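A closer look at the structure
The primary structure of each chain is shown beneath.
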Amino acid sequence: MTRRAAGHVALAAAAVVLLALTLRIAVASLSPLLTVIGRDFEVPAAVVGLIGMAPPVAFALSGMVTPAIERRLGLERTVLVAAVVGAVMLSLRAAAVDAWTLLGATAGVFAAVGVANVLLPTVVKKYFPARIGLMTTVYSTTMAVATFTPPLVAVPLADAVGWRGSFALWASVAVAAVVPWFAMTVRSRVSRADALAEARTSVLSRIVRVPQTWALVITFGVNSAVAYGLFAWLPLMLTDIAGVDAAEAGGLLALFSFMGLPVSLLVPVLVARLGRTTPFYAVALVGGLTGVAGLLVAPAAATALWVVLVGIPPLMFPLALVLFGLRTRSHETAVAVSGFVQSAGYGFAALMPLAIGVTHELTGGWSAGLLVLGGALLLVVPAAIIVARRETVEEAWERRTGSTW
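Residues numbered from 1 in each chain as written. Predicted model: local features only at pLDDT ≥ 70, side-chain atom pairs only at ≥ 80, totals over all residues. Heavy atoms only, no water.

A few words on the overall build of the protein chain. Along the backbone of the protein chain there are 18 helices and zero strands. In terms of overall dimensions, the protein chain is globule-like: its C-alpha atoms have a radius of gyration of 21 Å, near the 22 Å expected for 405 residues. For the protein chain, with 405 residues in total, the buried portion stands at 53%. Sequence-distant contacts, at least 24 apart, represent 84% of the contacts inside the protein chain between residues at least 6 apart. Accessible surface computed for the protein chain: about 16,600 Å², of which carbon and sulfur atoms make up 68%. Of the side-chain charges in the protein chain, 26 are positive and 17 negative, and the distance between the mean point of each set is 14 Å. (Helix = DSSP H or I, 4+ residues; strand = E, 2+ residues; numbered from the N terminus. Rg over C-alpha atoms; globule rule 2.2 N^0.38 Å. Buried < 20%, exposed > 50% of the residue type's maximum accessible area, 1.4 Å probe, protein only. Contact = heavy atoms within 4.5 Å. Areas by Shrake-Rupley, 256 points an atom, 1.4 Å probe, with all protein chains shown as cover. Lys, Arg positive; Asp, Glu negative; His and termini not counted. Charge placed at Lys NZ, Arg CZ, Asp CG, Glu CD.)

This is the structure we're talking about:
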């Protein structure tokens, strides 16, 4: 490899890592500070629910519109625009003057993050074609670290420099991510080969008519609903029902987030090696329901244990990702299933933060919201049964219609 080529690869690696940091920092750095922000201006429960809805709604919409934007602007320029918008909106979040400006800036952040979220795997495929597995591990691990770090330090940092200073620090990471993407955009040559694959309409019309696709939607949607519902509400919930302070609640949110790191490293390998999915669904369901029950019955007795247990259901995220490949025969079908499942799944997940917020507003407590969370977990039972058949989407279509895919 020439020195120039090595420099380009190093630049791409730095761009990927900084972008991965930005993607999760934007999600995880807000909810631990809501109590602190509330000292300056009121943040109603309805607004907190809308803030919790913002990530999955943005990601659902991004799954539909990003390919068209990328085909028009090119890969690097689209990511650069997303990085710039994300940095600007994170900076504006630090300057929020009321709940609605906070909500507006947060929605803008997640719109940018949603676009980048869709494009990051394509960036890895373009710049690291021989090391896709390695770079996927690098950026997924980076995202996991960036998910549990902000909740761990957000409150102590806010105590030292104020919540606006805390937000400004996270915004500086997003600003740093813009620099390598600007350099890559200057050096890139936009090509039709960079365009994201767009599945034929006939494939999309077929996949929505087989149960395997909807089982994956449930798997992905329930995982995301648990994750984003608790990202939005867990610190406030634990402050009320377990009697912890804001710093400890942030640490427990970090613990919840940390559970995504080991499962992201282990689940895809184990599923591919064992060829079985039922044990993973069972662990996610039993762990999640036990955690919910603990928070309902004895939240202060073993708070950390309950948080660890409700952090187990998100193992269905890497499970769903690996099933996109295992339950499809062709690349075209895999792309169609992945796009549809992520859009529909995030759309479903967007309802959970709102549902928890509305039930809290109506009842004044958290029990109803936790029961909604437990009910959502039960939806994975039929999904697990369908996925366990080891039937691809194409095979299910052929069996149901009697025709060749």
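Take the packing of helix H4 (residues 75–94) against helix H5 (residues 99–127) next. Look at H4 against H5: their axes get within 8 Å of each other, and the N-to-C directions meet at 150°. Compared by their axis directions, H4 and H5 come out roughly antiparallel. Here H4 and H5 pass one another in a crossing that is left-handed. (Axes fitted to C-alpha atoms, helices over the stretch in contact; angles between N-to-C directions. Parallel < 35°, antiparallel > 145°, perpendicular 65-115°, else oblique. Left-handed = near helix turned anticlockwise from the far one by under 90°.)

Right, let's get into the environment of methionine 259. Mapped onto the secondary structure, methionine 259 falls in the loop between helix H9 (246–258) and helix H10 (260–274). Sequence-wise, methionine 259 and proline 314 are 55 residues apart; in three dimensions their C-alpha atoms are separated by 8.0 Å. In contact with methionine 259, not counting residues within four places along its chain, are Val308, Gly311 and Ile312.

In this section: the packing of helix H8 (residues 211–241) against helix H16 (residues 367–378). Their axes nearest at 11 Å, the elements H8 and H16 cross at an angle of 165°. Relative to H16, the element H8 is oriented roughly antiparallel. H16 is crossed by H8, and the crossing has left-handed handedness. Of the residues in H16, those touching H8 at Val222, Ala225, Val226, Leu230 and Met237 are Leu370, Leu373, Ala376 and Leu377. Grouping the amino acids of the contact of H8 with H16 by side-chain chemistry returns nine nonpolar, no polar and no charged. (Nonpolar A, V, L, I, M, F, W, Y, C, P; charged D, E, K, R; others polar.)

Attention shifts here to the side chain of threonine 277. Inspection of the secondary structure assignment puts threonine 277 in the loop between H10 and helix H11 (278–297). Once you skip the residues sitting within four places of it in the chain, threonine 277 turns out to touch Val271, Leu319, Leu323, Arg327, Val387 and Ala388.

Side chains of Val57, Leu61, Met64, Val65, Ile69, Leu73, Val81 and Val85 sit close together on the surface and give an oily, nonpolar patch of about 600 Å² of accessible area. Secondary-structure elements contributing two or more residues to the nonpolar patch are helix H3 (45–73) and H4. One can find valine 85 in helix H4. For valine 85, a relative accessible area of 32% translates into the label partly exposed. (Patch = residues over 30% accessible without salt bridge, like charges linked within 9 Å, V, L, I, M, F, W, Y side chains within 5 Å. Salt bridge = Lys/Arg side-chain N within 4 Å of Asp/Glu carboxyl O.)

Let us look at the nonpolar core. Grouped together as the largest cluster of nonpolar side chains are 132 residues, with contacts concentrated most on Leu33, Ile37 and Phe167. With 16 residues, the single largest contributor to this core is H8. Discounting chain neighbours no more than four positions away, the residues touching isoleucine 37 are Leu30, Val43, Leu102, Trp163 and Phe167. (Core = buried A, V, L, I, M, F, W, Y, C linked by side-chain atoms within 4.5 Å.)

Take the packing of aromatic side chains next. Summed over the entire model, instances satisfying the criterion amount to nine aromatic pairs. Following the ring pairs from residue to residue traces out a cluster consisting of Phe220, Tyr228, Phe231, Phe256, Phe317 and Tyr346. Taking NZ or CZ as reference, arginine 93 lies 4.8 Å from the ring centre of phenylalanine 167, over its face. (Phe/Tyr/Trp six-rings, centres within 6.5 Å; stacked < 30°, edge-to-face > 60°. Lys NZ or Arg CZ within 6 Å of the ring centre and 35° of its normal.)

Moving on to unusual backbone geometry. Unusually for a residue other than glycine, arginine 390 sits at a positive phi of about 60°. Assignment of secondary structure puts arginine 390 in the loop between helix H17 (380–387) and helix H18 (393–401).

What follows covers helix H12 (residues 303–310). Within the sequence span of H12, burial applies to Thr303, Trp306, Val307, Leu309 and Val310. Each buried residue of H12 sits inside an arc of 160° when the element is viewed along its axis, so together they form one side. The secondary structure elements touched by the buried residues of H12 are H8, H9 and H11. (Arc of directions from axis to C-beta.)

On to the side chain of glutamate 391. Note that glutamate 391 resides in the loop between H17 and H18. Overall, glutamate 391 belongs to the buried group, its relative accessible area being 13%. At a separation of 2.8 Å, a polar atom in the side chain of glutamate 391 contacts the side chain of glutamine 212. A polar contact of 2.8 Å, which involves the side chain of glutamate 391, links it to the side chain of arginine 399. Once residues lying within four places of it in the same chain are set aside, the contact partners of glutamate 391 are Gln212, Arg327, Ala396 and Arg399. (Polar contact = N/O pair within 3.5 Å; in protein donor to acceptor, adjacent residues only side chain to side chain.)

Relative to the helices and strands, glycine 251 is located in helix H9. Put simply, glycine 251 and valine 155 are 96 residues apart on the chain and 9.1 Å apart in space, counted from C-alpha to C-alpha. Ignoring any residue separated from it by four or fewer positions in sequence, one finds glycine 251 in contact with Pro151 and Leu152.

Right, let's get into the pattern of salt bridges. Evaluation of the coordinates by the stated rule reveals two salt bridges. Across the salt bridge formed by glutamate 398 and arginine 329, the nearest N and O atoms sit 2.9 Å from each other. Of this pair, glutamate 398 sits in helix H18 while arginine 329 sits in the loop between helix H13 (316–326) and helix H14 (331–349), and the two are 69 residues apart along the sequence. Among the residues examined, glutamate 398 registers a relative accessible area of 23% and is labelled partly exposed.

This brings us to the confidence of the model for the protein chain. With 93% of its residues at a pLDDT of at least 70, the protein chain reaches an overall mean of 83. Looking over the protein chain, one finds the lowest element-wise mean pLDDT in H10, namely 76, and the highest in H16, namely 96. (pLDDT = per-residue confidence, 0-100.)

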